[in-house]
Amino acid sequence: MRILVAEDDAPLADAFREQLAREQFAVQTVADGSEAQRLAIDHPYDLVVLDVDLSGLRGLEVLRNIRSRKPDLPVLVVTGSPLVEERVRGLDAGADDYLAKPFAFTELAARIRAVLRRGGRPRNTMLLLGDLTLDLVERTVRRGGRAIEFSPKEFALLEFLMRHAGQPVARTAIVENVWKLNHGMTTNLVDVYINYLRRKLDSGYDHALIRTVRGVGYQIGGNGISA
């Protein structure tokens, strides 16, 4: 899920990025209201977190302009004001939810998930492969209707494989995209975590979803050369 965070307090913006990345969201931050408006309108974000006290265009003006161009884009507004009137203005301008500072990042993440659920489930929030379902909003995985628990990194690895279903994926690509490490830092982490996924996804099923492709890496679904 791609989230745009419009926040001109640099330390807070960095905290947004770090904390939401831990929730497996892809986050881009911007400090200027005009740039936030341009990015929100021109790029396919799943949600915008918008501070009302931005430099350049003010947050509520940005919100109104976003609403006029992308009426279905979820927007969560944050503010430093505790006044109810301020919240009312934000909601009347088109905010899907409103959060006053200071707040816990766990609450922010929960509100983001709630807004995404209310938004009619945007496209590409569900990844499907046969009887395997991965829900990007709820952060859940099911195979054959059975819920399977995954750690955040296991979930991220499975998501990456499912986004490339039927295609062999190199270990270096997995390291770069899931662990965010340089391709020269390939370790056995990939093999270890693939084994975790196999035990959870394939154990007890007649049909294994994950296969090893000799000389390349791993593949989920489709045909491949197993080892």
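Residues numbered from 1 in each chain as written. Predicted model: local features only at pLDDT ≥ 70, side-chain atom pairs only at ≥ 80, totals over all residues. Heavy atoms only, no water.

### Brief notes about the environment of arginine 142
By secondary structure assignment, the location of arginine 142 is in strand S8 (residues 140-143). In contact with arginine 142, other than residues within four places in its own chain, are Asp131, Leu132, Thr133 and Ala147. Only 2.9 Å separates the side chain of arginine 142 from the backbone oxygen of glycine 145, close enough to count as a polar contact. (Helix = DSSP H or I, 4+ residues; strand = E, 2+ residues; numbered from the N terminus. Contact = heavy atoms within 4.5 Å. Polar contact = N/O pair within 3.5 Å; in protein donor to acceptor, adjacent residues only side chain to side chain.)

### Focus on the layout of surface pockets
Considering only enclosed or pocket space, the second largest pocket measures out at about 200 Å³ in volume. Looking at the lining of the second largest pocket, the elements with two or more residues in it are S8, strand S9 (146-148) and helix H6 (152-163). By residue class, the composition of the lining of the second largest pocket is six nonpolar, three polar and four charged. (1 Å grid on protein atoms, 1.4 Å probe; cavity = no way out; pocket = protein on both sides within 12 Å on 5 of 7 lines; lining within 4 Å. Points joined across faces, edges and corners; volume = space filled by probe spheres on them. Nonpolar A, V, L, I, M, F, W, Y, C, P; charged D, E, K, R; others polar.)

### Quick notes on the packing of aromatic side chains
According to the stated counting rule, one finds four aromatic pairs in the structure shown. Ring plane angle 40° and centroid distance 6.1 Å describe the contact between phenylalanine 16 and phenylalanine 103, whose orientation is recorded as tilted. Taken together, the positions of phenylalanine 16 in helix H1 (residues 10-22) and phenylalanine 103 in the loop between strand S5 (97-100) and helix H5 (105-118) put the pair 87 residues apart, joining distant regions of the chain. Each member of the pair phenylalanine 16 and phenylalanine 103 is classed as buried. Seen from their ring centres, phenylalanine 16 and phenylalanine 105 are 5.6 Å apart, and the 85° between their planes marks the pair as edge-to-face. Placement of phenylalanine 16 in helix H1 and of phenylalanine 105 in helix H5 is noted, with a sequence separation of 89 residues between them. Every member of this aromatic cluster is reached through a ring pair, and the members are Phe16, Phe103 and Phe105. Over the ring of tyrosine 45 we find arginine 2; its NZ or CZ atom is 4.8 Å from the centre of that ring. (Phe/Tyr/Trp six-rings, centres within 6.5 Å; stacked < 30°, edge-to-face > 60°. Buried < 20%, exposed > 50% of the residue type's maximum accessible area, 1.4 Å probe, protein only. Lys NZ or Arg CZ within 6 Å of the ring centre and 35° of its normal.)

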